[in-house]
Amino acid sequence: MSDVASQLTTADGRPLKAALATAQARAKRRAFFLVLPLLAFIMITFAVPIGQMLQRSVYNDGFSQTAPALTEWFEANPKGTVPDEAAYAALASDLNLMKETRMAGDAGTRINYVVSGTRSLFTKSARKAADFEPPYMAALLDIDEDWQDPRVWNAMRTASNPWTLDFYTIAFDRERDAEGKIVKVDENQRIYFKLYIKTFVVAAVITAICLLLAFPVAHLLATLPMARANLLMILVLLPFWTSLLVRTTSWIVLLQGQGVINSILVSLGIIGDDGRIQMIYNQTGTIIAMVHILLPFMVLPLYSVMRVIPPSYTRAARSLGATSWTTFRRIYLPQTIPGIGAGVLLVFILAVGYYITPALVGGADGQLFSNMVQFHMTKANWSMAAALATMLLVGVLVLYWLYDRLIGIDKLKLG
């Protein structure tokens with residue numbers, strides 16, 4: 001049969017098999033050019049910014065470009081070499097260069113990320129750099145004894161290479177000791193990694209509450225007559241039509257000490273006026289406000305799955321003697337798993353990355369990891385912000401991988 005097909009020709013005399021291959025290749029090129037604008041848009045607005053963020057988290061030339069002499073000395077002397085007069089001479093030369101280029105603050109800020117308090121060390125030393133005379137070691141130590149601190153020299157050695165993992169070290173609440181080894185910071189200074197774990201725990205709590213609240217609502221939407229279901233759906237979608245800032249501010253009015261909820265409880269005699277519940281500017285306020293904001297993202301995937309489950313399945317199970325609980329557990333619930341997985345994944349990812357709501361209603365206790373990213377962005381500490389954002393990205397990707405392994409991404413159903 002294949003021999004016969006290979007002998008067939010088109011009207012212009014070409015082999016039919018070759019003509020079909022050419023047509024298929026032309027169709028593939030046409031399809032590629034059709035999706036090329038979308039691919040370019042995704043690359044420009046999504047892939048490229050993420051790539052820049054990943055690079056920024058491991059690249060910072062704030063010190064290396066302003067300290068060429070010290071960089072050369074570090075390259076010529078192995079790690080562990082005690083700074084000698086030549087090292088201090090190179091430092092004096094670089095401080096003088098920093099004074100001329102007005103880059104002492106940038107160089108000091110880069111070292112200050114690793115050893116706090118060193119920005120002022122650089123700026124005050126650079127101001128006096130023109131007056132330095134040999135021996136440079138004595139001149140610099142006369143300005144500040146911190147110039148002989150091994151931690152400062154270890155930090156400068158690491159920063160002399162613009163490619164660094166220092167920001168990830170800080171993000172995991174680690175630091176370099178006097179010998180250059182990575183150790184844990186003091187207990188009262190461990191903020192980043194604890195907040196990272198706390199963010200995922202809070203996001204899991206928010207996701208669980210949303211699931212518990214959304215499941216009966218979605219079931220009601222799927223079983224009500226169409227007219228009533230549409231009315232209820234409008235109420236579910238109403239938050240999407242209201243500004244996020246307005247919704248968050250409304251919760252401040254409701255939850256504050258002199259707010260609506262506390263005033264109602266006092267008027268009903270449930271609590272005394274001096275026993276008003278603190279529900280705002282803490283973790284409780286963050287959870288309440290975020291559950292309200294993210295609840296529709298759980299309802300919609302569940303509803304999209306439940307509305308196509310035939311009611312005859314549950315009726316058949318009941319007719320065969322199954323109890324209501326058995327029918328729900330073995331018949332109804334397994335068919336809602338794609339919607340549950342989609343809703344949980346969507347709500348959890350959104351909860352992990354939220355920072356506006358925690359910033360407004362969370363106070364110091366209700367802040368999440370994303371608030372630290374925003375803090376460093378406002379302080380122009382791009383590398384630290386990028387490292388923290390990368391940690392969030394990795395956490396989300398791990399969650400996505402777990403979902404694919406446990407449920408299967410092909411079963412994801414968002415609507």
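Read on for a plain summary of the structure.

Reading guide: rules and limits
Residues numbered from 1 in each chain as written. Predicted model: local features only at pLDDT ≥ 70, side-chain atom pairs only at ≥ 80, totals over all residues. Heavy atoms only, no water. Helix = DSSP H or I, 4+ residues; strand = E, 2+ residues; numbered from the N terminus. Rg over C-alpha atoms; globule rule 2.2 N^0.38 Å. Buried < 20%, exposed > 50% of the residue type's maximum accessible area, 1.4 Å probe, protein only. Lys, Arg positive; Asp, Glu negative; His and termini not counted. Charge placed at Lys NZ, Arg CZ, Asp CG, Glu CD. Salt bridge = Lys/Arg side-chain N within 4 Å of Asp/Glu carboxyl O. Patch = residues over 30% accessible without salt bridge, like charges linked within 9 Å, V, L, I, M, F, W, Y side chains within 5 Å. Areas by Shrake-Rupley, 256 points an atom, 1.4 Å probe, with all protein chains shown as cover. Axes fitted to C-alpha atoms, helices over the stretch in contact; angles between N-to-C directions. Parallel < 35°, antiparallel > 145°, perpendicular 65-115°, else oblique. Left-handed = near helix turned anticlockwise from the far one by under 90°. Contact = heavy atoms within 4.5 Å. Nonpolar A, V, L, I, M, F, W, Y, C, P; charged D, E, K, R; others polar. Phe/Tyr/Trp six-rings, centres within 6.5 Å; stacked < 30°, edge-to-face > 60°.

**Regarding the overall build of the chain**
For the chain, the count of helices and strands is 20 helices and two strands. For 415 residues, the compact-globule formula gives about 22 Å, and the C-alpha radius of gyration of the chain, at 31 Å, lies well above that figure. Along the three orthogonal principal directions, the C-alpha set of the chain runs to about 95 × 95 × 35 Å. Among the 415 residues that make up the chain, the fraction classed as buried is 37%. Each charge class in the chain can be summarised by its mean position, and for the 36 positive and 29 negative side chains these summaries are 21 Å apart.

**Things to note about the pattern of salt bridges**
Pairing is possible between side chains that carry opposite charge, provided their charged atoms lie close to one another. In total, this model carries six salt bridges according to the counting rule given. One salt bridge in this structure joins Arg176 and Asp166, with 3.6 Å as the shortest N-O distance. Here Asp166 lies in helix H9 (residues 166-171) and Arg176 lies in strand S1 (residues 174-176), a separation of ten residues in the sequence. Residue Arg176 is classed as partly exposed on the basis of its relative accessible area of 22%. Lys194 is the partner of Glu187 in a salt bridge, and the nearest nitrogen-oxygen pair spans 2.8 Å.

**Describing a nonpolar patch on the surface**
A surface patch of nonpolar side chains, about 860 Å² in accessible area, is lined by Phe32, Phe33, Leu34, Val35, Leu36, Leu39, Met43, Ile44 and Val48. Relative to the elements of secondary structure, Met43 occurs in helix H2 (residues 16-58).

**Examining unusual backbone geometry**
Cis geometry marks the peptide bond from Pro134 to Pro135, where omega comes out at -5°. For Pro135, the position within the fold is in the loop between helix H6 (118-127) and helix H7 (136-143). A positive phi is found at Arg102, a non-glycine position, where the angle reads about 60°. Looking at the element boundaries, Arg102 is found in the loop between helix H4 (85-101) and helix H5 (104-112). The exposure class of Arg102 is exposed, given its relative accessible area of 76%. A positive phi angle is found at Tyr281, which is not glycine, with a value near 60°. Summarising the element assignment, Tyr281 is placed in the loop between helix H13 (260-267) and helix H14 (283-306).

**Thoughts on the environment of Asp142**
Mapping Asp142 onto the fold places it in helix H7. Residue class for Asp142 comes out exposed when judged on its relative accessible area of 67%.

**A look at the packing of helix H12 (residues 244-255) against H14**
Relative to each other, H12 and H14 sit at 135°, their axes nearing to 10 Å. On the basis of their axis angle, the class for H12 and H14 is oblique. As for the relative orientation of H12 and H14, their crossing is right-handed in sense. Of the residues in H14, those in contact with Leu244, Arg247, Thr248, Trp251 and Leu255 of H12 are Gly285, Ile288, Ala289, His292 and Ile293. Among the residues forming the contact of H12 with H14, the class breakdown is six nonpolar, three polar and one charged.

**Focus on the packing of aromatic side chains**
Each aromatic ring pair is described using two quantities: the centre-to-centre distance and the angle formed by the ring planes. In the structure shown here, the tally under the stated rule is 17 aromatic pairs. Pairing Phe172 with Phe193 gives two aromatic rings, centres 5.4 Å apart and planes at 35°, and the pair type is tilted. Here Phe193 lies in helix H10 (residues 192-223) and Phe172 lies in the loop between H9 and S1, a separation of 21 residues in the sequence. Plain terms: the ring middles of Phe193 and Tyr196 are 6.1 Å apart, the flat faces sit at 20° to each other, and that makes the pair stacked. One end of the pair is Phe193 and the other is Tyr196, both in helix H10 and three residues apart, which spans about a single turn. For Phe193, a relative accessible area of 32% translates into the label partly exposed. Here Tyr196 falls in the buried class, since its relative accessible area comes to 12%.

Geometric descriptors of this kind do not, in isolation, establish any biological role.
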